[in-house]
Amino acid sequence: QHIFAIGDWGGMDGSLNPIEGRPHIIAYTWGARAGPSVFPRTRWDMHHKVELCSHKQFIECFNSHGDSSECPDSCGYVAGVDAQPQQLVASAMAERAALMDPGLILNVGDNFY
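Residues numbered from 1 in each chain as written. Predicted model: local features only at pLDDT ≥ 70, side-chain atom pairs only at ≥ 80, totals over all residues. Heavy atoms only, no water.

(A) Quick look at the overall build of the protein. Looking only at helices and strands, one finds two helices and six strands in the protein. Seen in sequence order, the protein has helices and strands lined up from the N terminus as β-β-β-β-β-α-α-β. The buried share among the 113 residues of the protein stands at 22%. In the protein, 46% of the contacts between residues at least 6 apart in sequence involve partners at least 24 apart. Counting only carbon and sulfur atoms, one obtains 56% of the accessible surface of the protein, whose full area is about 8,000 Å². Side chains of the protein carry 7 positive and 13 negative charges; the gap between the two charge centres is 4 Å. (Helix = DSSP H or I, 4+ residues; strand = E, 2+ residues; numbered from the N terminus. Buried < 20%, exposed > 50% of the residue type's maximum accessible area, 1.4 Å probe, protein only. Contact = heavy atoms within 4.5 Å. Areas by Shrake-Rupley, 256 points an atom, 1.4 Å probe, with all protein chains shown as cover. Lys, Arg positive; Asp, Glu negative; His and termini not counted. Charge placed at Lys NZ, Arg CZ, Asp CG, Glu CD.)

Spelled out as C-alpha cells, the structure:
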C-alpha cells in the first residue's frame, strides 16, 4: 500500500469576500481570482542570513510576471511556475496517484487553521 504526504503548500483564494469589514488579502494585482493564489514571501539564503529577495521585490515579480528591472534574479521567480504552484503540484500528484494507487493521502504541516 502506498501513502502520499503533502504539507504547507500555501495559497489563498483571491475571490474570498472577508467578513466584518476585514481587508482582502491580495498581495499582487492579479491575485483577486478564484482558486489558490500564492502569497509571495521574502526569500533568504540557505542559512537565513542574507536576504535574497524582499517582499516588495517579490510582489513586483508577481505583478510583472518576472519581466521587470525591479524583479532581481535573486528572487528566483519562474514564469509559468510561480503563478500556479498549487495547480502544478496537484497535477503531478494526480499523475503519480494514477500510477501508484495510494491507499491514503496524508496532509501534514501547519496548513490548517
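(B) Fine view of the nonpolar core. With 13 residues, the main nonpolar core has Y28, W30, F58, C61, F62, C75 and Y77 as its most contacted residues. In terms of residue count, the dominant contributor to this core is helix α1 (residues 55–64) (four residues). (Core = buried A, V, L, I, M, F, W, Y, C linked by side-chain atoms within 4.5 Å.)

(C) Broad picture of the pattern of salt bridges. Taken as a whole and assessed by the stated rule, the structure comprises two salt bridges. Salt-bridge contacts for R22 lead to E20; the nearest nitrogen and oxygen are separated by 2.9 Å. The same class applies to R22 and to E20, which are both exposed. (Salt bridge = Lys/Arg side-chain N within 4 Å of Asp/Glu carboxyl O.)

(D) How the structure looks around a nonpolar patch on the surface. Residues I3, L104, L106 and V108 make up a contiguous nonpolar surface patch of roughly 340 Å² in combined accessible area. Among the elements that make up the nonpolar patch, the one with the highest residue count is strand β6 (residues 104–108) (three residues). Within the element layout of this structure, I3 appears in strand β1 (residues 3–7). (Patch = residues over 30% accessible without salt bridge, like charges linked within 9 Å, V, L, I, M, F, W, Y side chains within 5 Å.)

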